[in-house]
Amino acid sequence: MHTENTAPGGRVSATAAAWAGGCAAWLAAASALAYEPASAAPGRINDPAAGWDHLWHEVIVDITIIGVIFALVMAWFLWRYRARKPGEVGTQSKLSPAAVIGWAVIPTFIFMADDFYLAANGWKLWNDYRDVPADRMEVKLESGMYSWDYTYANGVRTQNVLRVPAGKPVMLRMTSRDTLHSHFIPDFRVKEDSMPGRVTYLWFYPKAPGEHVVSCAEYCGVMHSYMAGKIIVMPEGEFKTWLDQEVAKLAPADKAVDKSAEKTADKPANPPV
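Since this is a predicted model, take the numbers as computed values, not measurements.

**Regarding the packing of helix α2 (residues 48-80) against helix α3 (residues 97-130)**
Packed helices, taken two at a time, are described by the angle their axes make and the gap between the axes.
Stage number 1. Packing of α2 against α3 brings their axes to within 9 Å, and their N-to-C directions diverge by 165°. Accordingly, the angle class assigned to the pair α2 and α3 is roughly antiparallel. The handedness of the crossing between α2 and α3 comes out as left-handed. Counted together, Pro 48, Ala 49, Gly 51, Trp 52, Leu 55, Glu 58, Val 59, Asp 62, Ile 66, Phe 70 and Phe 77 of α2 and Trp 103, Phe 111, Asp 114, Leu 118, Asn 121, Gly 122, Leu 125, Asp 128 and Tyr 129 of α3 form the full contact between these two elements.
Stage number 2. Taken together, the residues of the contact of α2 with α3 sort by class into 13 nonpolar, 3 polar and 4 charged.

Written out as structure tokens, the structure reads:
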């Protein structure tokens, strides 16, 4: 036998339940696309950039679904409870306890569950960003108003342009000589602050040759917008050739510094006047 709950509170409760059920179904479908941290096999590099893109896509899908559902519900309310003749004034129906719970608790539970789910995946992704591959190239970075100064392990220095080999993870150990900066490489989905008196780090995985923009993502002074740089990813052979050439340039400079130091050491002290 078919029965229908025609009480105002009952209709509202049923609507809330249906609406909540729809939200749950849509969000469950969206969650199926959520970021799943790659379990890096031995020797395999777990690049977090792909995970970042996947998780961001999930966030966009979720907020789009929620926004569309809210818009549809509000549109239905506007049509369902519209004034049908001039001067008509609506009445306020008292909600039953079940309806109050249905409209307050169920949507809150669903949205918070989705938020916690995204937050948990965000923490997993953050752990991937902190898990630096053992086989990597390290470069020191000193930031300052308004340049990026890179120093390779062999002493080669560059400013605002960092050349790296393709297919090799790169880790930057960063500090600052003046104020707070933030080294941002959008193409690799990495950004990390550098600050005086502290060493921070980030790593990225350049897979193919190309050029990528570097910018400062923290306002650091009046010339902040001019604090830009570039990452040049080179084939491994070309990078090695370039690095060897830079090392060769360092040798004469080092000898000149050594001779100057020797002359200073051999020079007799000025006699007393």
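**Examining the pairing of strand β9 (residues 210-216)**
Stage number 1. Pairing geometry for strand β6 (residues 181-185) and β9, over 2 bridges, is antiparallel. Within β9, the position partnered with His 183 by the bridge is Cys 216.
Stage number 2. In this structure, β9 lies alongside strand β10 (residues 228-234), joined through 6 bridges in antiparallel fashion. Paired with Val 213 across the two strands is Lys 230, which belongs to β10.

**As for the UniProt feature "transmembrane region" (unreviewed entry) in the protein chain**
Stage number 1. When the UniProt feature table is mapped to this numbering, "transmembrane region" (unreviewed entry) covers residues 12-35, 55-79 and 100-120.
Stage number 2. Taken end to end, residues 55-79 is 100% helix and 0% strand, and its two terminal C-alpha atoms sit 36 Å from one another.

**Digging into the pattern of salt bridges**
Stage number 1. Tallied over the full model, the rule gives 11 salt bridges.
Stage number 2. The partner of Glu 138 in a salt bridge is Arg 173, with the nearest N and O atoms 2.8 Å apart. Placement of the pair is Glu 138 in strand β1 (residues 137-144) and Arg 173 in strand β5 (residues 170-176), with a sequence separation of 35 residues.
Stage number 3. Look at Glu 138 and you get partly exposed, because its relative accessible area is 29%.
Stage number 4. Residue Lys 240 pairs with Asp 244 through a salt bridge whose shortest N-O separation is 3.2 Å. A residue pair is termed a helical-turn pair when its members lie 3 or 4 positions apart in one helix, as Lys 240 and Asp 244 do in helix α4 (residues 236-266) at 4 residues.
Stage number 5. What makes Lys 240 exposed here is its relative accessible area of 53%.
Stage number 6. For Asp 244, a relative accessible area of 40% translates into the label partly exposed.
Stage number 7. Several salt bridges converge on common partners, so that one network encompasses Arg 136, Glu 138 and Arg 173.

Cut-offs and rules
Residues numbered from 1 in each chain as written. Predicted model: local features only at pLDDT ≥ 70, side-chain atom pairs only at ≥ 80, totals over all residues. Heavy atoms only, no water. Axes fitted to C-alpha atoms, helices over the stretch in contact; angles between N-to-C directions. Helix = DSSP H or I, 4+ residues; strand = E, 2+ residues; numbered from the N terminus. Parallel < 35°, antiparallel > 145°, perpendicular 65-115°, else oblique. Left-handed = near helix turned anticlockwise from the far one by under 90°. Contact = heavy atoms within 4.5 Å. Nonpolar A, V, L, I, M, F, W, Y, C, P; charged D, E, K, R; others polar. Pairing = 2+ DSSP bridges. UniProt positions renumbered as here; feature names shortened; annotations may be inferred. Salt bridge = Lys/Arg side-chain N within 4 Å of Asp/Glu carboxyl O. Buried < 20%, exposed > 50% of the residue type's maximum accessible area, 1.4 Å probe, protein only.

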